[in-house]
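Observations on the three-dimensional arrangement
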Protein chains: 2
Amino acid sequence: MMNVRGRSLQKTPSSGLSMVAQLFGITAIVLMLVWLLHYGKGFDLNSNDPTRIFNLHPLLMFCGFIFMAGEAMMVYRTVKVGRPALKLIHMTFQLIALGLGVVGIYAAFKFHKEIHLSHMTSLHAWIGIATYGLFLLQFLFGLPMVVKSRPDGEISLPWHVCFGRMLFYMAICTAISGLMQKQVVLKLKMCPENSLINFTAAAILLFGIAVELSISLPRFV
Amino acid sequence: MMNVRGRSLQKTPSSGLSMVAQLFGITAIVLMLVWLLHYGKGFDLNSNDPTRIFNLHPLLMFCGFIFMAGEAMMVYRTVKVGRPALKLIHMTFQLIALGLGVVGIYAAFKFHKEIHLSHMTSLHAWIGIATYGLFLLQFLFGLPMVVKSRPDGEISLPWHVCFGRMLFYMAICTAISGLMQKQVVLKLKMCPENSLINFTAAAILLFGIAVELSISLPRFV
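Residues numbered from 1 in each chain as written. Chains lettered and ligands numbered in written order. Predicted model: local features only at pLDDT ≥ 70, side-chain atom pairs only at ≥ 80, totals over all residues. Heavy atoms only, no water.

As annotated in an unreviewed UniProt entry, chain A is ascorbate ferrireductase (transmembrane) from Kalanchoe fedtschenkoi. The record in UniProt for chain A states the following under Catalytic activity (unreviewed entry): "Fe(3+)(out) + L-ascorbate(in) = monodehydro-L-ascorbate radical(in) + Fe(2+)(out) + H(+)". Word for word, the UniProt comment on chain A under Subcellular location (unreviewed entry) is "Membrane". (UniProt positions renumbered as here; feature names shortened; annotations may be inferred.)

In structure tokens, the structure reads:
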């Protein structure tokens, strides 16, 4: 099994790092579910309770958008099939991420409307919407690479990878800022819910770092 | 001028990216100064006004700690002197970053004490203190590399670089979460100060991305 630069994947530490990333990602999902189901009131897009509408936002943005995008980025390290199939899996995962992400963003807008809050004021919203917009562009510009043959793809591939890593960086920053915002809005201080949000944020950050290192480590080490 | 893998720096896009990073970094510093001096009440560690004590925290943590650390990381791309001198400059910049950082953290703790707030509750505080602690360890483990000859350094250098990139990632996330926290605490909505904080956060994020790409791009492109 070789990666694009012809290195053997078995000889790099990136496969192990992908496993570590999965572990942090799943930990973050579990912690977030405990937070939203135990301390929150669950989630429902058509609820009369604005909190249940809002709760879909962190759920879909991390467990949907960011986790799926991370999995899509690591697919070249984790799944051992031929390159054309890998490209298709990568694209499908990113498409699912985009789909879940747009529902997650809609949930936030619907929540703002229900409680008469202005849209797009916080820095979380600014960075988030910029990330989603650029991610959509990255997806569209990446589409031709799915069908193109290897020598053609090689030219734009490094830029696609670097731009993707940059967007993933932005997505993690957005997630952390969103949890921070919610923590202050909920006026949480020294209580179990506060620590739960802190641990969720730590798991998300570590997921981001592990995904990033699993992509970049073979180039450095 | 060659980097550690023997690539010519002139042939990589990283020198240009370092310039872009400087631009974003200086923009962030200017925006932050406008925020703290025009909308805030300036800064003074020994003031009777807790706000003036607090204001030293974002100033020193970004303009001191993060900006200096970024400059230290990029020194191998931006300064054209021999490798032993580069190592010394890198170490000195990181030492300044650590020094300014510890005063910045002290300012936050002093502010909390003044207004009787509990320490270390928010996720900003958790991620921030973890970043600073690991940064200190990274500095101590990096010290022998300043005096060691090239072949010795080569073994641990890639790990030093990767760990440094990871910590810088964490530092940027911490900065964004800190600004987010302040924005909610100040209850800012649609006002110039709110947009100013958003633009500052955007400039910090772009500084982080540009520094990261200037380090990693030559390995990818």
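Considering the interface of chain A and chain B
Taken together, the 49 residues of chain A in the interface contact 49 residues of chain B. Of all residues in chain A, Leu123, Tyr169 and Phe220 of chain A give up the largest surface area on contact with chain B, accounting jointly for 20% of the area buried on that side. A salt bridge links Arg165 of chain A to Glu212 of chain B; the nearest nitrogen and oxygen atoms lie 2.3 Å apart. Scanning the region where chain A abuts chain B turns up 12 residue pairs in polar contact (both at pLDDT 80 or more). (Contact = heavy atoms within 4.5 Å. Buried area = accessible area lost by both parts, 1.4 Å probe. Salt bridge = Lys/Arg side-chain N within 4 Å of Asp/Glu carboxyl O. Polar contact = N/O pair within 3.5 Å; in protein donor to acceptor, adjacent residues only side chain to side chain.)

Quick word on the side chain of Ser18 of chain A
Among the structural elements, Ser18 of chain A can be located in helix 1 (residues 14-39). Once residues within four sequence positions are removed from consideration, Ser18 of chain A is found in contact with Met74, Arg77, Thr78 and Ser214 of chain A. (Helix = DSSP H or I, 4+ residues; strand = E, 2+ residues; numbered from the N terminus.)

A few points about helix 4 (residues 123-147) of chain B
All names here are of chain B. In this model, helix 4 (25 residues) spans 37 Å end to end at C-alpha, consistent with the 36 Å of a helix rising 1.5 Å per residue. The largest bend along helix 4 reaches roughly 30° and is located at Phe141, with the proline Pro144 sitting one to four residues downstream. Among all positions of helix 4, only Leu123, His124, Ala125, Ile127, Gly128, Thr131, Tyr132, Phe135, Gln138, Phe139, Gly142 and Met145 are buried. (Expected span 1.5 Å × (residues − 1). Bend = angle between axes of the 7 residues up to and from the residue. Buried < 20%, exposed > 50% of the residue type's maximum accessible area, 1.4 Å probe, protein only.)

Looking at the UniProt feature "transmembrane region" (unreviewed entry) in chain A
Residue and element names in this part refer to chain A. In this numbering, the UniProt entry assigns the feature "transmembrane region" (unreviewed entry) to residues 20-39, 59-76, 88-109, 129-147, 159-180 and 195-215. Across residues 20-39 one finds 100% helix and 0% strand; the C-alpha atoms that close the span lie 28 Å apart. For residues 59-76, the helix share is 100%, the strand share is 0%, and the end-to-end C-alpha distance is 26 Å.

A few points about the pattern of salt bridges
Per the counting criterion, the structure on display carries eight salt bridges over all chains. Arg52 of chain B is paired through a salt bridge with Asp44 of chain B; the nearest N and O atoms lie 3.9 Å apart. Taking the relative accessible area as the measure of exposure, Arg52 of chain B reaches 27% and is therefore partly exposed. Residues joined by salt bridges that share partners form a network here, namely Arg165 and Glu212 of chain A together with Arg165 and Glu212 of chain B.

Some remarks on the packing of aromatic side chains
In this structure the tally under the stated criterion is 15 aromatic pairs over all chains. Relative to Trp126 of chain B, the ring of Phe199 of chain A lies with its centre 5.0 Å away and its plane at 80°, an arrangement referred to as edge-to-face. Residue Phe199 of chain A is found in helix 6 (residues 192-220), and its partner Trp126 of chain B is found in helix 4; the two belong to separate chains. Overall, Trp126 of chain B belongs to the partly exposed group, its relative accessible area being 26%. Through pairs of rings, three or more aromatic residues link up here, namely Phe62, Phe67, Phe168 and Phe207 of chain A. Note that Lys182 of chain A overlies the ring of Phe54 of chain A, its terminal NZ or CZ placed 3.9 Å from the centroid. (Phe/Tyr/Trp six-rings, centres within 6.5 Å; stacked < 30°, edge-to-face > 60°. Lys NZ or Arg CZ within 6 Å of the ring centre and 35° of its normal.)

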